[in-house]
Amino acid sequence: MIIVLKRETTVEERKELVNKIENMNVIVKDASSSESIVLGIVGDTSKIDVDQMRAHHNVSKVIKVDEPFKMAGRVFHPEDTIIDVKGNKIGGGSLTIMAGPCSVESREQIIEIAKLVKKSGANFLRGGAFKPRTSPYSFQGLGEEGLKYLKEASELTGLPVITEAMSTEEFDLVEEYADIIQIGARNMQNFSLLKKAGTAKKPILLKRGLSSTIEELLMSAEYIMAGGNGDVILCERGIRTFEKYTRNTVDLSAVTAVKKLSHLPIIIDPSHGTGRREMIIPMSRASIAIEADGVIVEVHNDPENAFSDGQQSLYPEQFDKLVKSVKRIHEVIITEE
Ligand code: PEP
Ligand code: MN
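In this numbering scheme, every chain counts its residues from 1 along its sequence in written order. Chain letters start at A and ligand numbers start at 1, both assigned in the order the entries are written. Only residues with pLDDT of 70 or above have their local features reported here, since the model is predicted, and side-chain atom pairs are shown and tallied only from 80 upward, although totals for entire chains, interfaces and linings are computed over all residues. To get the side-chain values, take all heavy atoms of the structure and skip hydrogens and water.

1. Looking at the coordination of the manganese ion (ligand 2)
Selection rule: Listed donors are limited to N, O and S atoms within 2.8 Å of the metal, widened to 3.2 Å for Na, K and Ca; water is not among them, so incomplete-looking sites are possible. Starting at the N terminus, helices and strands are each numbered in turn, a helix being any DSSP run of H or I of at least four residues and a strand any DSSP run of E of at least two. With a 1.4 Å probe rolled over the protein chains alone, any residue whose accessible area is under 20% of its type maximum counts as buried; one over 50% counts as exposed, and the rest are partly exposed.
Here the manganese ion (ligand 2) is held by the protein donor atoms Cys-102 (SG), His-272 (NE2), Glu-298 (OE) and Asp-309 (OD), which lie 2.0 to 2.3 Å from it. Of note, the manganese ion (ligand 2) draws all its donor residues from one chain, in the sequence arrangement C-x169-H-x25-E-x10-D. Here the residue Cys-102 occupies a position in the loop between strand 7 (96–100) and helix 3 (107–120), and Asp-309 occupies one in the loop between strand 14 (294–298) and helix 11 (316–335), the gap between them amounting to 207 residues. The residues Cys-102 and Asp-309 share a single accessibility class, namely buried.

Here you go:
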């Protein structure tokens, strides 16, 4: 961080400010010349409130040169984070495939789909029991009943479960049943929920907000990590652009950016990303080819009659094809030098 002081700042005022900054456990290097008074701040500057600094009467400019996400960032944690969920590794070159319906609709439905996706090679079962829906009249999920069915499907197949918690009120309940707790796109900046996730004993899948930047995504991960939970998986699920043909625009470049900036695993959700069934296999292939740590996709045994997102849910045989295909691409990626 570079802080430029106003020319009229007195020597005493400068000293006072330097002392104040040094008390924040950083080193202040004076880089002033006869032209300007410049302070270079070295070390962990994440605790310095930039807005407060800018508001100081002696400060003319504050330039951020380092990233504000210290825990999520690679600078202080160069090696990839690998998250182990019941023996399934996420990150560090492993291939993660999460699959299942958009919503848990019934005991029979989730058990049948769990068996199908397990047979094809998924390593996690997805399914929403608490559903964030645009319309209040759309199916809202089965709630705790859905969580119970998910657990039963998980026990029958051995697939760990990922499911969403939409609010702090239901968070503990979801944590009881889930192996990974999802924070959905609309909640990416729900700071109370992020703080709650920071206290969880289970990994969190954090989905990128519809209109959020990569930095905002990483700052939301930082919230969870600062709260004490380092097991965060990021998810690119498409962002809102002017394009209407697809439901969202999958930002594949976010994967490469996140890999550079952060040590956290990142997976892609081409189902919500495109909203179109025929695009899920090609986009999954692309995801693995650009070194995403995996995909999360919607699969349904009867997509035409699905309670939610049928249009983007794969038929089981399509999912089977997807797994075979991405495994081959993954093989190429991990054996490449
Ligand atoms: C979901 O995965 O069920 C979901 C609603 O996704 P998103 O939050 O990305 O829209
Ligand atoms: Mn869905």
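2. A closer look at the packing of helix 3 against helix 4 (residues 144–157)
Packed helix pairs are specified by the crossing angle of their axes together with the interaxial distance, meaning the distance between the axes. Formally: The axes are straight lines fitted to the C-alpha atoms, using for helices just the contacting stretch, and the angles between their N-to-C directions are given from 0 to 180°. Crossings are assigned a handedness: left-handed for a near helix turned anticlockwise from the far helix by less than a right angle, right-handed for a clockwise turn. Residues are treated as being in contact if the distance between any of their heavy atoms lies within 4.5 Å. Each residue gets one label: Ala, Val, Leu, Ile, Met, Phe, Trp, Tyr, Cys and Pro are nonpolar, Asp, Glu, Lys and Arg are charged, and the others, such as Gly, are polar.
At a minimum axis separation of 9 Å, helix 3 and helix 4 run at an interaxial angle of 35°. The handedness of the crossing between helix 3 and helix 4 comes out as right-handed. Every residue of helix 4 that contacts helix 3 at Arg-107, Ile-110, Ile-111, Ala-114, Lys-115 and Lys-118 is listed here: Tyr-149, Leu-150, Glu-152, Ala-153, Leu-156 and Thr-157. Grouping the constituent residues of the contact of helix 3 with helix 4 by class yields 7 nonpolar, 1 polar and 4 charged.

3. Some thoughts on the packing of aromatic side chains
Threshold: Stacked, tilted and edge-to-face pairs are distinguished by plane angle, under 30 degrees for stacked and over 60 for edge-to-face with tilted covering the rest, among Phe, Tyr and Trp rings (Trp via its six-membered ring) whose centres lie within 6.5 Å. Charge over a ring is defined by NZ of Lys or CZ of Arg lying within 6 Å of the ring centre and within 35 degrees of the ring normal.
Using the criterion set out here, one finds 2 aromatic pairs in the structure. When the centroid spacing of 5.0 Å and the interplanar angle of 85° are considered together, the rings of Phe-139 and Phe-307 count as edge-to-face. Note that Phe-139 is positioned in the loop between strand 8 (124–126) and helix 4 and Phe-307 in the loop between strand 14 and helix 11, a separation of 168 residues in sequence. Geometry around Tyr-245 places Arg-276 over its ring, the cationic atom sitting 3.7 Å from the centre.

4. Concerning the environment of Val-104
Considering the arrangement of structural elements, one finds Val-104 in the loop between strand 7 and helix 3. As a C-alpha pair, Val-104 and Met-71 span 33 residues in sequence and 34 Å in three-dimensional space. Among all residues touching Val-104, those that are not within four sequence positions of it are Gln-109, Ile-110, Gly-127, Gly-128, Phe-139, Leu-142, Gly-146, Tyr-149 and Leu-150.

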